[in-house]
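Structure at a glance
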Amino acid sequence: MKILVLNSGSSSIKFQIFDMQKIVSICQGVIEQIGESRGHIKFVYGKEKEITKKSVIKDHSVGIELLEELLIDNKVLKSFDELRAVGHRVVHGGEYFSKPTLINDEVIKKIEKVSPLAPLHNPVNLIGIKAISKVNPSLIQVAVFDTAFHQTIPNYAYEYALPYEYYTQNGVRRYGFHGTSHHFVAKEAAKFLQKDIDKCNLITLHLGNGASVAAIKNGKSIDTSMGLTPLEGLVMGTRCGDIDPAIIFYLARNLNLDIKELDNILNKKSGLKGICGTNDMREVEQRAKSGDKRAKLAQEIFCYRIKKYIGAYSVIIGKVDALVFTGGIAEHSSIIREKICSDLYDTLGIKLNKEANLRHDRLISSNTSKIKLLVIPTNEELEIAKQTYKIVLSLPNRV
Ligand code: AMP
């Protein structure tokens, strides 16, 4: 059984096809520059065979049609009918969705209803869903929400101390994001620890260009650092994370900045980029090594914020089994992992095995560490495929 996973953006669609019998990816690529004067589709399949096709791609449906043609021409698929289902990454499920969901008209309406909470993402995720319906209306489609895993967070952790009606009437609360990734690595960690996920207490750190941390108790998310939007929490590539909200009023009043400009500053010009001029952690590391003080400070601020969350989440979880590192930065940067774990032995019993850390082993804690330290590469697409497969198997009259 083959499953197509789509992650639709405003001018691009990332895709991957999985063979669910073997649980392997058989093809992955991207359709880019949709709606622009020149677009292209790129994918790899088989033993590193690579296909690139340049073409004007008027809209997402045209992109999907072109993809179908290319997959058939290159014998990746005999036809789209060979696909059993399509799993879509949908960023925001609001309070409607706490698990992956079979898409129908009612589900589409609900995704539209919560779109004001993710105006840059949900509408384009819906375009991807509608493009598939247009090209192949009989395909089963499943929505897998970034917010769903965090729907177990209790109200004292998800409500903000604002007038209550903003929650009840406008949906202002903590939702959390990166849920598919936190869930995936939590399950992988449970396997590694040889424990039932329902008995696992974990702190999962997803550190990429976007970054978030989740507190997972007995396999369920009980708190996370991102909030109503992905702006809250950790220092990120270009996002500021936690700040005093009064900074916004101060900047607006004193620099005459409007909401749009402030939104752009906090989301696109802050974080690592704001501190030292680049959001690429590899460059930050290079520059820090060669003595650049701002780059060094960017690393310090990044890791210090993470340490504060580890401390806070250790307290609310109680006994933590493992701290899990995932995402581009946490999977690849031994320096960042070392900085995060430094000086945490006396308080939390965290002790890094420096050699294992340099080798990027899966287990990087020393034998004396009271909390296991794990590096687990995330795979959100595979998780979406697995969740979609689970729904397909639960449907009556499956072929
Ligand atoms: P992601 O959003 O998960 O793709 O992660 C992107 C981030 O990972 C960027 O800040 C990259 O600079 C960072 N990254 C990727 N590879 C490395 C590496 N080898 N060392 C440090 N940071 C890395």
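One can find the structure itself at the top, above this paragraph.
To keep things clear, this report deals only with the structure shown in the data block. (Residues numbered from 1 in each chain as written. Predicted model: local features only at pLDDT ≥ 70, side-chain atom pairs only at ≥ 80, totals over all residues. Heavy atoms only, no water.)

We now examine the packing of helix α10 (residues 281–289) against helix α11 (residues 293–317). Packing of α10 against α11 brings their axes to within 7 Å, and their N-to-C directions diverge by 125°. Between α10 and α11, the angle falls in the class oblique. As α10 packs across α11, the resulting crossing turns out to be left-handed. On α11, the residues touching Met281, Val284, Glu285, Arg287 and Ala288 of α10 are Ala295, Lys296, Ala298, Gln299 and Phe302. Within the contact of α10 with α11, the residues separate by chemical class into 6 nonpolar, 1 polar and 3 charged. (Axes fitted to C-alpha atoms, helices over the stretch in contact; angles between N-to-C directions. Helix = DSSP H or I, 4+ residues; strand = E, 2+ residues; numbered from the N terminus. Parallel < 35°, antiparallel > 145°, perpendicular 65-115°, else oblique. Left-handed = near helix turned anticlockwise from the far one by under 90°. Contact = heavy atoms within 4.5 Å. Nonpolar A, V, L, I, M, F, W, Y, C, P; charged D, E, K, R; others polar.)

Pairing in this open sheet of 8 strands is mixed, and the strands run β5-β4-β3-β2-β1-β6-β8-β7 from one edge to the other. The sheet terminates laterally at β5 (49–55) and β7 (101–102), the two strands that pair on one side only. The sheet contact formed by strand β2 (residues 13–19) and strand β3 (residues 24–32) spans 7 bridges and is antiparallel. Along β3, the bridge assignment pairs Phe15 with Gly29. Contacting β1 (2–8), β2, β3, β4 (39–45) and β5, helix α1 (residues 60–73) crosses the sheet at an angle of about 40° to β4. (Pairing = 2+ DSSP bridges.)

Our focus in this paragraph is unusual backbone geometry. Positive phi outside glycine occurs at Lys75, with the angle close to 60°. Topologically, Lys75 is positioned in the loop between α1 and β6 (83–90). Even without being glycine, Asn256 reaches a positive phi, approximately 55°. Mapped onto the secondary structure, Asn256 falls in the loop between α7 (246–255) and α8 (259–268).

Time to look at the packing of aromatic side chains. One pass over the structure, following the stated rule, counts 7 aromatic pairs. With a centroid separation of 5.6 Å and an interplanar angle of 75°, the aromatic rings of Tyr309 and Tyr313 are classed as edge-to-face. On the criterion of helical spacing, the pair formed by Tyr309 and Tyr313 is a turn pair, its members being 4 residues apart in helix α11. Tyr313 shares its class with Tyr309; the two are buried. (Phe/Tyr/Trp six-rings, centres within 6.5 Å; stacked < 30°, edge-to-face > 60°. Buried < 20%, exposed > 50% of the residue type's maximum accessible area, 1.4 Å probe, protein only.)

The next subject is the sheet that holds strand β11 (residues 220–224). Read from one edge to the other, the open sheet built from 5 strands follows the order β11-β10-β9-β12-β13, with strand pairing classed as mixed. The strands lining the two open edges of the sheet, one partner per strand, are β11 and β13 (372–375). Here the average twist between neighbouring strands, direction ignored, is 25°. Relative to strand β10 (residues 211–217), strand β9 (residues 202–207) runs antiparallel, the two sharing 6 bridges.

This next bit is on the state of the cysteines. According to the stated counting rule, one finds 0 disulfides in the structure shown. Cys276 takes part in no disulfide bond, and the closest cysteine sulfur to it belongs to Cys303, at a distance of 12 Å. Assessed through its relative accessible area of 8%, Cys276 is described here as buried. Sulfur of Cys341: no disulfide; nearest cysteine sulfur belongs to Cys303 and is 9.4 Å away. On the basis of relative accessibility, which here comes to 5%, the residue Cys341 falls in the buried class. (Disulfide = S-S within 2.5 Å.)

Moving on: the pattern of salt bridges. Under the counting rule described, the total for this entry stands at 18 salt bridges. Of the charged contacts in the structure, one is a salt bridge between Arg282 and Asp280, with a shortest N-O distance of 3.2 Å. Under the relative-accessibility criterion, Arg282 is labelled exposed at 64%. Owing to a relative accessible area of 28%, Asp280 belongs among the partly exposed residues under this scheme. The partner of Asp292 in a salt bridge is Arg287, and the shortest N-O contact between them spans 3.0 Å. Classification of Asp292 as partly exposed rests on a relative accessible area of 24%. (Salt bridge = Lys/Arg side-chain N within 4 Å of Asp/Glu carboxyl O.)

What follows deals with helix α16 (residues 380–394). Residue pairs three or four apart in sequence face the same way in an α-helix, which turns once every 3.6 residues. The end-to-end C-alpha distance of α16 is 21 Å, a good match for the 21 Å that 15 residues give at a rise of 1.5 Å each. For α16, the set of buried residues is Leu382, Glu383, Ile384, Ala385, Gln387, Thr388, Tyr389, Ile391 and Val392. Looking at the buried side of α16, the elements it contacts are β1, β2, β6, β7, β8 (140–145) and α6 (179–193). (Expected span 1.5 Å × (residues − 1).)

What follows deals with the side chain of Asn136. Looking at where Asn136 falls in the secondary structure, it is placed in the loop between α3 (122–135) and β8. Looking at Asn136, its side chain comes within polar contact range of the side chain of Asp81, at 3.5 Å. Beyond its immediate stretch of four places on either side in the chain, Asn136 contacts Phe80 and Asp81. (Polar contact = N/O pair within 3.5 Å; in protein donor to acceptor, adjacent residues only side chain to side chain.)

What follows covers the site of the ligand. Surrounding the ligand, one finds Gly208, Asn209, Asn279, Asp280, Met281, Arg282, Glu285, Gly327, Gly328, Ile329, His332 and Ser333. Ile329 places a main-chain nitrogen or oxygen 3.3 Å from an oxygen atom of the ligand. Expressed as a share of its isolated accessible area of 500 Å², the protein-covered part of the ligand is 70%. Elements supplying a minimum of two residues to the shell around the ligand: α10 and α12 (327–332). Looking at the shell around the ligand, the element that brings in the most residues is α12, giving 4 residues. Of the residues assigned to the shell around the ligand, the class counts are 2 nonpolar, 7 polar and 3 charged. (Near = heavy atom within 4 Å. Areas by Shrake-Rupley, 256 points an atom, 1.4 Å probe, with all protein chains shown as cover.)

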